[in-house]
Amino acid sequence: MSKVAVVYWSGTGNTQRMAEAVAAGAGNRGAQVSLLTADQFDAGQMGDFDVIAFGCPAMGDETLEEEEFEPMFVDCESRLSGKKIALFGSYGWGDGEWMRVWEKTCGEAGAVLACGSVICCGAPDEDGVRQCEALGEALAL
């Protein structure tokens, strides 16, 4: 059984809903899932999980949330090499540039992007929830 961490930050509840769907998808496939907010996770926990799904909405000028999520994630970057991860989040403007930059950062750190990232404009609709559940299912394999 794989151990999956779903680590997220959400200001409006959109990314939280996505995180819950990712966790549900992984759990449906038999993974042992830990659903954690950014303030409940740190780099020292990276080795406790087979795969980690990180979720953060686009903020400001299409950046990661700067007070809680980004400091936690920057701390984790040094441990991304060879680590199987996935990314997800919501946005309200732009075209998803923050996710492309985030994917590039993870790739340069040596992370193994497990499958395609999931982004939703605003609140996840039924299709967005299904995509998040499918992401979780893929992480559990």
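In this text, all values refer to a predicted model and were calculated from it rather than measured experimentally.

Colleague: So what's going on with the environment of V6? Residues and values would help.
Modeller: Note that V6 resides in strand β1 (residues 3-8). Since its relative accessible area comes to 0%, V6 is described here as buried. C-alpha separation for the pair V6 and A140, spaced 134 residues apart in sequence, amounts to 12 Å.

Colleague: Can you lay out helix α1 (residues 14-28) for me, pointing to particular residues and giving the numbers?
Modeller: With 15 residues, α1 should cover 21 Å at 1.5 Å per step; its first-to-last C-alpha distance of 21 Å lies within 8% of that length. All of the buried residues along α1 are N14, T15, M18, A19, A21, V22, A23, G25 and A26. Packing partners of the buried residues in α1 comprise β1, β2 (32-37), β3 (51-55), β4 (84-91), β6 (118-121) and α4 (126-140). Once α1 finishes, G30 follows within two positions and takes phi at roughly 95°, a positive value.

Colleague: Break down a negative patch on the surface for me, with residues and values.
Modeller: A cluster of like negative charges, contributed by D39, E66, E67, E68 and E70, occupies part of the molecular surface. Residue classification places E67 among the exposed residues on the basis of a relative accessible area of 68%.

Colleague: Can you lay out the nonpolar core for me, pointing to particular residues and giving the numbers?
Modeller: One recurring pattern in soluble globular proteins is that nonpolar side chains are buried together. F41, F54, F69, M72, F73 and W102 are the most contacted members of the largest nonpolar core, which totals 27 residues. Of all the secondary-structure elements, those providing two or more residues to this core are β1, β3, α2 (69-77), β4 and α3 (97-108). Discounting residues that sit within four places of it in the chain, M72 has contacts with V7, A38, F41 and F54. Judged by nonpolar contacts, the second largest core, of 21 residues, contains Y8, A26, V51 and V118.

Colleague: Give a description of the packing of α1 against α4 that names residues and reports values.
Modeller: At a closest axis distance of 6 Å, the pairing of α1 and α4 adopts a crossing angle of 40°. Taken together, the axes of α1 and α4 lie oblique to each other. When you trace α1 past α4, the crossing you get is right-handed. Contact residues: α1 offers R17, M18, A21, V22, G25 and A26, while α4 offers V129, C132, E133, L135, G136, E137, L139 and A140. Its residues assigned to classes, the contact of α1 with α4 shows nine nonpolar, two polar and three charged.

Colleague: An account of the pairing of β6 is requested, with residue identities and associated values reported.
Modeller: Here β6 shows a clear split, with V118 and C120 buried on one side and none of I119 and C121 buried on the other. Alignment of β4 against β6, held across four bridges, turns out to be parallel. Bridge pairing in β6 links G89 to I119.

What counts, and where the lines are drawn
- Residues numbered from 1 in each chain as written.
- Predicted model: local features only at pLDDT ≥ 70, side-chain atom pairs only at ≥ 80, totals over all residues.
- Heavy atoms only, no water.
- Helix = DSSP H or I, 4+ residues; strand = E, 2+ residues; numbered from the N terminus.
- Buried < 20%, exposed > 50% of the residue type's maximum accessible area, 1.4 Å probe, protein only.
- Expected span 1.5 Å × (residues − 1).
- Contact = heavy atoms within 4.5 Å.
- Patch = residues over 30% accessible without salt bridge, like charges linked within 9 Å, V, L, I, M, F, W, Y side chains within 5 Å.
- Areas by Shrake-Rupley, 256 points an atom, 1.4 Å probe, with all protein chains shown as cover.
- Salt bridge = Lys/Arg side-chain N within 4 Å of Asp/Glu carboxyl O.
- Lys, Arg positive; Asp, Glu negative; His and termini not counted.
- Charge placed at Lys NZ, Arg CZ, Asp CG, Glu CD.
- Core = buried A, V, L, I, M, F, W, Y, C linked by side-chain atoms within 4.5 Å.
- Axes fitted to C-alpha atoms, helices over the stretch in contact; angles between N-to-C directions.
- Parallel < 35°, antiparallel > 145°, perpendicular 65-115°, else oblique.
- Left-handed = near helix turned anticlockwise from the far one by under 90°.
- Nonpolar A, V, L, I, M, F, W, Y, C, P; charged D, E, K, R; others polar.
- Pairing = 2+ DSSP bridges.

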